[in-house]
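# Summary of structural features
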Amino acid sequence: MSWRTIGTIYAKELRDSLRDRRTLLSTIVIPTFVMPALVMGVGKVASTVVSRAREEIPRVMVIGGADSPGIRAELEKSGRFKVEAASADWRSLISEKRVRAAAEIPAGFEQALEAGSAPAVTLYDYEGELKSGLAVEQLRNFFVGLRDRAIARLLKARGLPPTIARPFELEQANVAPPEKIGGNLLGGIVPYLIILLCFMGAMNPAMDLTAGEKERGTMETLLCCPASRTDIVLGKFCMVLTGSLIAVVCSLVSMGITLTVVGASFVGGRPVPAGPAGAALSIDPAGILGVLAMVIPVAVLFSAILFTVSLFAKSFKEAQSYTAPLVFIVIIPAIIGILPGIDLNFRLALFPILNISLVCKEMLSGVWHWGYIAVIFGSTALYAAVALSLSVMMFRREDVIFRT
Amino acid sequence: MIEATLLTKVFHDRRKGEIRGADAVSFHVEPGRIYGLLGANGAGKTTTLRMLATLLRPTSGSAVVAGHDVAREPDKVRADVGFLAASTALYARLTAREMIAYFGRLNGLDEPSLRLRLRTLADELDMHEFLDRRCDKLSTGMKQKTSIARTLVHDPQVMIFDEPTLGLDVMTARSIIRFVRECRGRGKTVLYSTHVMSEAEKLCDTIGIIHAGRLMAEGTLADLRASTGCADLEECFIKIVSPGEPG
């Protein structure tokens, strides 16, 4: 193995790739501009939709309760609802979104309330529909308020203090610093994006430097030189790895700048709650460095896999058809990693991609499981080494290199 | 010098089974001589040449190129061989200068030697005008000159040409032929494969006729004419590869 030869091949591939628009697009332009724009764009749209839905006064319907006119009057008086006239087809009206929610009042409701018995009010909504959900939430708040007032009135009538029904108050306060909150909120989406970009960044250089060269006839030219096959693979592989890492760094830097400058109040379509986190969303720099360190073996793994798969193809187009399905193999564990309730354990620490997704999520939220970090780094490095050896083996095979 | 002894390459195909790309091919080429390997498409020329350039490993047999065994010392063989084929293309996004320099570095030239060699090649091949132009912007003739410079940058003892004029216009093909003659003039060992009879007639000191992977006949043009009784190389070729066919 000659480092000088590997360096010569790497320098040439780097120069060549910097002149390739497709590579520049996938490793620098997309990670820098499109992905944050997409994330922020989706966040902005989601945030706008939710706030508009919250501002809207919902149309609701009261079913039954003809003998309880006070309830209807109070609902109208609250100014929080547009109360529609009762209709027999109220279910279809909710389905058609002409009415957002309905409250069914039993007969003799007000009388029962005065008597202290417990009549049941049923609220109807269209589950999964945002505006319907918000309307039913407001109806619930209205009826809870009504119930509290009824309790207070009944207690007063019996000469009892109101605290008897509320013996203590419950308050909640946050102790997490803003960067930890930021880490928790971003912890899901950032590892997913990084894993995806790490893969996408390696994709184009891997295809261009293998199948692309075979197709253009330059692979045979290169094989005529005295460089060993291993040196050629390593020189080219270093370029693929560079593409992958550049994509990750560009994306992290760009997201960091966007968050700092915009002071995001939304991330990935999830509105950030008001307060310290919403005011200045930030991530612990140590978490970012940790993520970068963990990404290196993953980038090696992705680069080696993409290099090997693309090498088998005869043309760039054929390589695309082999590598495109791999995106799903990468995305699935990355998505599983961001699902709530999946915690890191020893078995999951050995599961490639999923382990990185989980550990990055933890590191960004300020939790450092050093044992797992070592296992994940070690196992991923081992998988990467196996994949790289496979690349060298494939490159030595005549039926792969001269496949026609 | 090139010394091929019973050089054989067997390919395995799932549908067609075993294919003998080259079957016990033996010949030798002395320095300062051009050996022409003449054969139809699929006759085994490229396979034989690729084995000698160490791009393919022989299944059996042996070959010594520039004093090195192709199986045991492939890197040393490649360091002493210049391989030019229709299928060896240029990097489109590199300039002609970068292309030549890249292969100079891969062949172990240091920077001062490389600069000197580049200047010499650019002078000899009249390349100064387009040396800093990207290869994808070059004309066919310019590309061919760049390819020649790429094969010569490390001044190899042995030159292997695999149908180098394939798909080229007459003027570019003539410049290639002239260049091959110059290689002989400089004392290099030249192996030249072609299916164009006129090229073999004009260029080669010795002609080997290859068919279905086997070397069917070998000799000077005069030898081949005498052994077949035909005046024309094309007729000689037909008589050797298809003895039953009318000439």
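What you see is a predicted model; the values in this text were computed from it and never measured.

### With respect to the overall build of chain B
- From N to C terminus, chain B includes 9 helices and 10 strands.
- Over its C-alpha trace chain B gives a radius of gyration of 18 Å, about what one expects of a compact globule, namely 18 Å for 247 residues.
- For chain B, with 247 residues in total, the buried portion stands at 53%.
- Accessible surface, chain B as shown: approximately 11,000 Å² in total, 49% of it carbon and sulfur.
- Placing the 34 positive and 32 negative side-chain charges of chain B at their respective mean positions leaves the two points 5 Å apart.

### Some details on helix 13 (residues 316-338) of chain A
- Here helix 13 of chain A spans 33 Å end to end across 23 residues, near enough to the 33 Å set by a 1.5 Å rise per residue.
- Considered for burial, the residues of helix 13 of chain A that qualify are F316, E318, A319, T323, L326, V327, V330, I331, P333, A334 and G337 of chain A.

### Structural notes on the packing of helix 13 of chain A against helix 15 (residues 354-364) of chain A
All names here are of chain A.
- Where helix 13 contacts helix 15, the two axes come as close as 8 Å, and the packing angle between them is 30°. Considering their axes alone, helix 13 and helix 15 lie roughly parallel with respect to each other. As helix 13 runs across helix 15, the sense of the crossing is right-handed. Together, P333, A334, I336, G337 and I338 of helix 13 and L354, S357, L358 and K361 of helix 15 make up the contact between the two elements.

### Quick look at the sheet that holds strand 4 (residues 122-124) of chain A
Residue and element names in this part refer to chain A.
- Judged by pairing direction, the sheet is mixed, and its 4 strands sit side by side in the order 2-1-3-4 without closing on themselves. The open sheet terminates on both sides in strands that have one partner only, identified here as strand 2 (82-84) and strand 4. Sheet twist, expressed as the average angle between the axes of neighbouring strands with direction ignored, equals 30°.
- Helix-sheet contacts for helix 3 (residues 69-77) involve strand 1 (59-64), strand 2 and strand 3 (101-105), and the interaxial angle to strand 2 is about 145°.

### A word on the pairing of strand 7 (residues 158-162) of chain B
Residue and element names in this part refer to chain B.
- By the criterion of burial, strand 7 is predominantly enclosed, with 5 of the 5 residues buried.
- In strand 7, alternate side chains face the same way, and those of V158, I160 and D162 on one face and M159 and F161 on the other are all buried.
- The pairing of strand 7 with strand 8 (residues 189-194) spans 5 bridges and is parallel. Directly across from D162, in strand 8, lies its bridge partner S193.
- Handedness of the strand 7-helix 6 (residues 170-185)-strand 8 crossover: right-handed.

### What about the packing of helix 15 of chain A against helix 16 (residues 370-396) of chain A?
All names here are of chain A.
- The contact between helix 15 and helix 16 brings their axes to 10 Å, and the two run at 145°. Crossing handedness for the pair helix 15 and helix 16: left-handed. Side by side, helix 15 and helix 16 meet where N355, I356, V359 and M363 of the first sit next to I373, I376, S379 and T380 of the second.
- Taken together, the residues that form the contact of helix 15 with helix 16 break down as 5 nonpolar, 3 polar and no charged.

### Some remarks on the sheet that holds strand 9 (residues 206-211) of chain B
All names here are of chain B.
- An order of 6-7-8-3-9-10 is seen for the 6 strands of this open sheet, with the pairing classed as mixed. Two strands in the sheet have a free side with no partner beyond their single neighbour: strand 6 (81-85) and strand 10 (214-219). Here the average twist between neighbouring strands, direction ignored, is 15°.
- Two strands pair when backbone bridges link them, and strand 3 (residues 34-38) and strand 8 are joined in this way by 5 bridges, in the parallel orientation.

### Describing the interface of chain A and chain B
- Taken together, the contact between chain A and chain B spans 28 residues of the former and 30 residues of the latter.
- Between chain A and chain B, the buried area comes to about 2,700 Å², and carbon and sulfur atoms account for 52% of it.
- The largest share of the area that chain A buries against chain B comes from R19, P226 and E398 of chain A, three residues that together contribute 23% of it.
- The tally of links between chain A and chain B comes to 8 salt bridges.
- Linking chain A with chain B are 16 residue pairs in polar contact (both at pLDDT 80 or more), by the criterion used here.
- Elements represented by at least two residues in the side of chain A that touches chain B include exactly helix 1 (3-18), helix 8 (189-216) and helix 9 (218-223) of chain A.
- Ranked by residue count, the leading element in the side of chain A that touches chain B is helix 1 of chain A, at 8 residues.
- Class assignment for the residues of the side of chain A that touches chain B results in 8 nonpolar, 6 polar and 14 charged.

### Focus: the confidence of the model for chain B
- Averaged over all residues, the pLDDT of chain B is 90; the fraction at 70 or higher stands at 98%.
- Predicted complex, confidence summary: ipTM 0.89, pTM 0.80.

### Some details on the pairing of strand 1 of chain A
Residue and element names in this part refer to chain A.
- Pairing between strand 1 and strand 2: 3 bridges, direction parallel. When the sheet's bridge partners are listed, R59 is paired in strand 2 with K82.
- At this point the chain moves from strand 1, through helix 3, to the parallel strand 2, and the crossover so formed is right-handed.
- Here strand 1 runs beside strand 3; their pairing, made up of 5 bridges, is parallel. Across the sheet, residue G64 finds its bridge partner in strand 3, namely I105.

### Points about the pattern of salt bridges
- Enumeration over the complete set of coordinates arrives at 38 salt bridges over all chains.
- For D23 of chain B, the salt bridge goes to R214 of chain B, with nearest N and O atoms at 3.1 Å. Here the residue D23 of chain B occupies a position in strand 2 (residues 17-29), and R214 of chain B occupies one in strand 10, the gap between them amounting to 191 residues.
- As a salt-bridge pair, R134 of chain B and D136 of chain B come within 2.9 Å of each other at their nearest N and O atoms.
- A relative accessible area of 28% means that R134 of chain B is categorised as partly exposed.
- The partly exposed category is assigned to D136 of chain B, whose relative accessible area is 34%.
- One continuous salt-bridge network, built from bridges that share partners, spans K12, E13, D16, D20, D208, E213, R216 and K236 of chain A together with R93 of chain B.

### Considerations on the side chain of R50 of chain B
- With respect to the secondary-structure elements, R50 of chain B resides in helix 1 (residues 45-52).
- On the accessibility criterion, R50 of chain B (17% relative accessible area) is buried.
- Within polar-contact distance, the side chain of R50 of chain B engages the side chain of E220 of chain A at 2.8 Å.
- Leaving out residues up to four positions away in the same chain, R50 of chain B has contacts with E220 and F402 of chain A together with L55, L56 and S87 of chain B.

Analysis parameters
Residues numbered from 1 in each chain as written. Chains lettered and ligands numbered in written order. Predicted model: local features only at pLDDT ≥ 70, side-chain atom pairs only at ≥ 80, totals over all residues. Heavy atoms only, no water. Helix = DSSP H or I, 4+ residues; strand = E, 2+ residues; numbered from the N terminus. Rg over C-alpha atoms; globule rule 2.2 N^0.38 Å. Buried < 20%, exposed > 50% of the residue type's maximum accessible area, 1.4 Å probe, protein only. Areas by Shrake-Rupley, 256 points an atom, 1.4 Å probe, with all protein chains shown as cover. Lys, Arg positive; Asp, Glu negative; His and termini not counted. Charge placed at Lys NZ, Arg CZ, Asp CG, Glu CD. Expected span 1.5 Å × (residues − 1). Axes fitted to C-alpha atoms, helices over the stretch in contact; angles between N-to-C directions. Parallel < 35°, antiparallel > 145°, perpendicular 65-115°, else oblique. Left-handed = near helix turned anticlockwise from the far one by under 90°. Contact = heavy atoms within 4.5 Å. Pairing = 2+ DSSP bridges. Right-handed = clockwise from strand over helix to strand, strands pointing away. Nonpolar A, V, L, I, M, F, W, Y, C, P; charged D, E, K, R; others polar. Buried area = accessible area lost by both parts, 1.4 Å probe. Salt bridge = Lys/Arg side-chain N within 4 Å of Asp/Glu carboxyl O. Polar contact = N/O pair within 3.5 Å; in protein donor to acceptor, adjacent residues only side chain to side chain. pLDDT = per-residue confidence, 0-100.

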